[in-house]
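# Reading the structure
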Amino acid sequence: MTEKLFYQDSHMKEFDAEVLSCEAFQDKNGRELYRVVLDRTAFFPEGGGQTADTGYLETARVLDVQEQEERIYHMTDSALQPGKTVHGRIDWKERFSKMQQHTGEHILSGLVHRIYGYDNVGFHLGNENVTLDFNGVLTREQMREIESLANEAAARNLEVQVNYPSKEELCRIDYRSKIEIEGQVRLVTIPGYDVCACCAPHVKQTGEIGLIKLIGMQNYKGGVRITIRCGDRALADYNAKEASVKAVSHMLSAREDQIVEAVHHLQEEIFRLNGEKERLMSQILRQKAEQLSEGEEYVWLFEENLDGNQMREYVNLVLERKIGVCALFNRTETGSYRYVIASHKKDVRPFAKQLNAACSGKGGGKPEMVQGQAAASQEEISRCLKKISRHDGE
Ligand SMILES: [Zn+2]
């Protein structure tokens, strides 16, 4: 049984302990690692939705920490000698951040439970994201209200209490718990806000949490999943968002509090310019069509940069020139061609079929218009069209 120093003092950053055992093993990538057991440790093992602490035992890097039957196993990248006393240091910045997130989560879950009666049914405290799942739906306004109350709890700098009630005492206490716990229950209490069975270390005073910020909410399994950032992560999130706002503000030459309006104007301008572009394109296509001599039996055209609508529009303008069959090929970015073949006089499907067979093409449509693609060069397509038109009508 390993003595759990993280329960005696959640702010213990360094400690000395005796190495009880050290066994080599291979991880799933075939890397040789060591499984170290100490007589006592300040490293919190993975549990309660929180990832394991990392750090050092002497110069050995602690990569993961797991608990099995009251024994705590430290996975290290180098060996330690059993019987020796070693100095341990946990990565304090990360651990403190996790405690900020976790205690923030307890306050939020406690408030949601007390005010709306929903349970926290899922909690994940990763190295980046912190998510909590509730088994009921909340509106954004309700979450804003909860966020405000949670920050009030942080500002009141309440003491986070930990106790180990007896079975009899426990019967009289109303507390949150995800699972039926066998053995001793560890209760974490934030007076007036939350009482919860939890195995993880927490900050000592709620003021240590700093800002509690809800940054996302989505519907999830009939309830909601909320993404939060507390303390240092909330500050980092603010910094990243501030940088974005400043960059957009600079690009738009707009004041930071007016960027939404500025983007709205930009969207309107793009909409207007697109309309103008379409109008000019139609004009160009009409002029090009008018330059073709009237009454030809076959016309084939090669173009670039036309979209599907423009292709069909152009073909129809060409057919207005009393043209029998019009085949329009538009070069794509990959070098192949998209085509539209149309006629007011005859079924163009056999024509397209021959083209597809000869020019690695595919496509289809109605008797009066087919659309498709051909993976061939302009020369190959021209040669093929000549052949088809010559044999046509024979
Ligand atoms: Zn917890």
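## Concerning the domain arrangement of the protein
Split by domain assignment, the protein resolves into domain 1 (3-90), domain 2 (96-239), domain 3 (254-286) and domain 4 (292-391). Averaged C-alpha coordinates put domain 1 and domain 3 at centres separated by 60 Å.

## Digging into the sheet that holds strand β15 (residues 223-230)
An order of β9-β10-β15-β14 is seen for the 4 strands of this open sheet, with the pairing classed as antiparallel. With partners counted over all chains shown, the strands left at the sheet margins are β9 (120-125) and β14 (212-220), one partner each. This sheet shows a mean twist of 20 degrees between the axes of neighbouring strands, independent of strand direction. Pairing analysis gives 8 bridges linking β14 to β15, with the strands arranged antiparallel. The partner of G216 across the bridge, within β15, is T227. Across the sheet, helix α3 (residues 140-155) lies against β14 and β15, angled at about 150 degrees from β14, the strand it touches most.

## So, the nonpolar core
Judged by nonpolar contacts, the single largest core of 51 residues is most densely connected at I107, L108, A150 and I212. Here the element with the most residues in this core is helix α2 (residues 92-116); it accounts for 5 residues. Counting contributing residues per domain, this core is built from domain 1 (3-90) and domain 2 (96-239), each supplying no fewer than three. Core analysis: the second largest hydrophobic core is formed by 29 residues, C326, F329, I341 and A352 among them.

## Here's the deal with unusual backbone geometry
Despite not being glycine, S253 has its phi angle at roughly 50 degrees, a positive value. Within the element layout of this structure, S253 appears in the loop between α5 (231-252) and α6 (259-290). Its identity as a non-glycine residue notwithstanding, N305 has a phi of 65 degrees, on the positive side. Note on placement: N305 falls in the loop between β16 (298-304) and α7 (308-319).

## Let's talk about the sheet that holds strand β20 (residues 369-374)
Think of a sheet as strands paired side by side through backbone hydrogen bonds, with each pair either parallel or antiparallel. Judged by pairing direction, the sheet is mixed, and its 5 strands sit side by side in the order β16-β17-β18-β20-β19 without closing on themselves. In this open sheet, the two edge strands, each paired with only one partner strand, are β16 and β19 (361-366). The sheet shows a mean angle of 15 degrees between the axes of neighbouring strands, taken without regard to direction. For strand β18 (residues 337-343) and β20, the ladder comprises 6 bridges, and the chain directions are antiparallel. Looking across to β20, one finds that Y337 is bridged to A374. Sitting on the sheet, helix α9 (residues 378-391) touches β16, β17 (325-331), β18 and β20, and the angle it makes with β16 is about 165 degrees.

## Here's the deal with the pairing of strand β3 (residues 32-38)
Note that strand β2 (residues 14-26) and β3 share 7 bridges and pair antiparallel. Paired with V19 across the strands is L38, a residue of β3. Counting the residues between successive antiparallel strands, the hairpin from β2 to β3 contains 5 residues, one of them, G30, with a positive phi of roughly 85 degrees. Where β3 meets strand β7 (residues 71-76), 4 bridges bridge the pair, whose relative direction is antiparallel. Each residue of the ladder has a partner; that of Y34, found in β7, is T76.

Cut-offs and rules
- Residues numbered from 1 in each chain as written.
- Predicted model: local features only at pLDDT ≥ 70, side-chain atom pairs only at ≥ 80, totals over all residues.
- Domains from an automatic or database assignment.
- Pairing = 2+ DSSP bridges.
- Helix = DSSP H or I, 4+ residues; strand = E, 2+ residues; numbered from the N terminus.
- Axes fitted to C-alpha atoms, helices over the stretch in contact; angles between N-to-C directions.
- Contact = placed C-beta atoms within 7 Å.
- Core = buried A, V, L, I, M, F, W, Y, C linked by C-beta atoms within 7 Å.
- Buried ≥ 20, exposed ≤ 12 C-beta atoms within 10 Å, placed from the backbone.

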